[in-house]
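Take a look at the letters that make up each chain.
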Amino acid sequence: MANLLKTTLFIEDIKKIIQESKKSVVRNVNTIMVQTYWNIGKRIVEEEQKGNAKADYGSELLVNLSKELTKEFGKGFSKSNLFSMRRFYIEFQKFQTVSGKLSWSHYLLLLGVSDLNARSFYEHECENSNWSVRELERQIDSQLYTRLLLSKGDINKQTVLELANNGVTYQTPDSFIKDPMVLEFVGVPEKPFLESDLEKAIIDHIEDFLLELGRGFMFVGSQQRISIAGMNYYVDMVFYNKILKSYVLIDLKMNKLKPENFGQMNMYVNYYKEEINDDGDSDPIGIILCADKEVPLAKMAIKGIENNIYAAKYTTVMPDYETLQNEVHKAIAMFNEKEDK
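As the structure is a computational prediction, the values presented were derived from the model and not from experiment. Counting restarts for each chain, with residues numbered from 1 along the sequence as it is written. Side-chain atom pairs in this predicted model are given and counted only at pLDDT of 80 or more, local residue features only at pLDDT of at least 70, and totals for whole chains, interfaces and linings cover all residues. Side-chain descriptors were evaluated using all non-hydrogen atoms of the structure, hydrogens and water having been removed beforehand.

**Points about the packing of aromatic side chains**
And then number 1: Between the rings of Phe, Tyr and Trp (Trp by its six-membered ring), a pair exists once the centres lie within 6.5 Å; its type follows the angle of the planes, with under 30 degrees stacked, over 60 edge-to-face, and the other angles tilted. In this structure the tally under the stated criterion is 18 aromatic pairs.
And then number 2: An angle of 90 degrees between the planes, with centres 6.5 Å apart, marks the rings of tyrosine 37 and phenylalanine 77 as edge-to-face. With a gap of 40 residues between them, tyrosine 37 in helix α1 (residues 2-50) and phenylalanine 77 in the loop between α2 (55-73) and α3 (79-91) connect regions that are remote in the sequence.
And then number 3: With a centroid separation of 5.0 Å and 75 degrees between ring planes, the pair formed by tyrosine 240 and tyrosine 247 is classed as edge-to-face. Just as tyrosine 240 is buried, tyrosine 247 falls in that class too.
And then number 4: An aromatic cluster of at least three residues, connected via ring pairs, comprises Tyr37, Phe73, Phe77, Phe88, Phe92, Trp104 and Tyr107. A run of H or I in DSSP becomes a helix once it reaches four residues, and a run of E becomes a strand once it reaches two; helices and strands are each numbered from the N terminus. Burial classes: relative accessible area under 20% of the type maximum marks a residue as buried, over 50% as exposed, and values in between as partly exposed (1.4 Å probe, protein chains only).

**Overview of the sheet that holds strand β2 (residues 217-228)**
Sheet strands pair by backbone hydrogen bonding; their relative direction is either parallel or antiparallel.
And then number 1: For two strands to pair, DSSP has to find at least two bridges joining them. Across the sheet, which stays open at both edges, the 6 strands sit in the order β1-β6-β5-β4-β3-β2 with mixed pairing between neighbours. One side of each edge strand has no neighbouring strand; the edge strands of this open sheet are β1 (181-182) and β2.

**Regarding the nonpolar core**
Most often, soluble globular proteins keep nonpolar side chains buried together rather than apart.
And then number 1: Only buried Ala, Val, Leu, Ile, Met, Phe, Trp, Tyr and Cys residues count toward a nonpolar core, and they belong to the same one when joined by side-chain atoms within 4.5 Å. Ranked by internal contacts, the top residues of the largest apolar core, which has 67 residues, are Tyr122, Leu198, Phe239 and Ile250.
And then number 2: Contact definition: two residues touch when any of their heavy atoms are within 4.5 Å. The contacts of phenylalanine 239, once residues within four sequence positions are left out, are Ile206, Phe209, Leu210, Leu213, Phe217, Met218, Phe219, Val220, Ser246, Tyr247, Val248 and Ile250.
And then number 3: Membership of the second largest hydrophobic core comes to 21 residues, among which are Leu9, Tyr240, Val269 and Ile288.

**Examining the packing of helix α7 (residues 144-151) against helix α8 (residues 157-166)**
And then number 1: Orientation is described by axes fitted as lines to C-alpha atoms, over the contacting stretch for helices, and by angles from 0 to 180 degrees between their N-to-C directions. In contact at an axis separation of 11 Å, α7 and α8 are set at 140 degrees when each is read in the N-to-C sense. The angle between the axes of α7 and α8 places the two elements in the oblique class. Between α7 and α8 the crossing geometry is right-handed. Two secondary-structure elements touch here, α7 through Tyr145, Leu148 and Leu149 and α8 through Thr159, Val160 and Leu163.
And then number 2: Under the convention adopted here, Pro, Cys and the residues Ala, Val, Leu, Ile, Met, Phe, Trp and Tyr are nonpolar, Asp, Glu, Lys and Arg are charged, and Gly plus all remaining residues are polar. Of the residues belonging to the contact of α7 with α8, the class tally is 5 nonpolar, 1 polar and no charged. Working rule for angles: under 35 degrees goes down as roughly parallel, over 145 as roughly antiparallel, 65 to 115 as roughly perpendicular, anything else as oblique. Take the far helix as the reference: if the near one is turned anticlockwise from it by less than a right angle, the crossing is left-handed, and if turned clockwise, right-handed.

**Concerning helix α5 (residues 116-129)**
And then number 1: With 14 residues, α5 should reach 20 Å at 1.5 Å per residue; the first-to-last C-alpha distance of 20 Å fits that figure.
And then number 2: Contacts from the buried residues of α5 go to α3, α4 (104-111), α6 (133-141), α7 and α8.
And then number 3: What qualifies as a polar contact is a pair of N or O atoms within 3.5 Å, subject to a donor-acceptor requirement within protein and to the restriction that residues adjacent in sequence count only when both atoms come from side chains. At the N-terminal boundary of α5, the capping side chain belongs to aspartate 115, with an oxygen 2.8 Å from the backbone nitrogen of asparagine 117.
And then number 4: Following α5 by one or two positions, asparagine 130 has its phi on the positive side, about 55 degrees. A helix is expected to span 1.5 Å multiplied by its residue count minus one.

**Some remarks on the packing of α6 against helix α10 (residues 206-213)**
And then number 1: α10 packs onto α6 with a crossing angle of 60 degrees between their chain directions and a minimal axis gap of 11 Å. On the basis of their axis angle, the class for α6 and α10 is oblique. When the axes of α6 and α10 are compared, the crossing they make is right-handed. Counting all contacts with α6, which are made through Arg134, Glu135, Arg138 and Gln139, the residues of α10 involved are Asp208, Leu211 and Glu212.
And then number 2: Classifying every residue of the contact of α6 with α10 gives 1 nonpolar, 1 polar and 5 charged.

The structure is reproduced here in structure tokens:
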């Protein structure tokens, strides 16, 4: 398996070189377009300020400008687009802060994120992960930033700033863990279904699942056999993360998390550490992906286990924005209470 993984890593590296070459051509065109729209936005703001920035004047200015530009250059200069260019300049008044890797369509999505910390996170992560416009839209819709915050336990100013300023840093095994994990792409019903159904649905949409997992993940296989003392066991899904240099084992559970699930995953992780890991590999990571979990039970069950094992809930529908925001506010309030004591 180690030789196969090395070959796969080599092929993936070659593919990445070719993909990056193609992307660089598109990126240059995008950079020029973004800079053009930023400069248009700047001139609109300057002209409005010359007219004392009155609302009526600004509206009339954009209507007239839209007509003239559309007549001369065709589509792309509607009043709403010009308004977006104006806002783009206002929100990013230093062009040096604008990423050369993102397109105008990326920035239109980012302008729709009102929380400045969240917007900064999505911009950094979009650049770091080379998200397409569709992928960025999906991550915003699934509230990736909020889910990562909730997954980090105590939410404080430092954790907020770290995510906002750097995106996901992948310095520790728990850096990419999300709770809940959103699997809306699998298309399975909310009603009870079999683990095999969920596993098949994930494999059928493996690129979407890799996006949900994060950067640097490769799919190794499903139902990976482990033989111990003449007994065969099967890990539902195995991945490898190139950044952390770790195997990531995922076990799917359709019901609530049970204490014994940790013991089973601990055995899987120990096996990979002793039998599968190659020189240079970091310790494996185990994730129990379950329909629901009781946090106190999970904390008690994992106590004393030294391996990198985590439990996370999954949902097959997009999370409700208000619900997640309320959870964040509660977590921040609880942290502040601890600090005051």
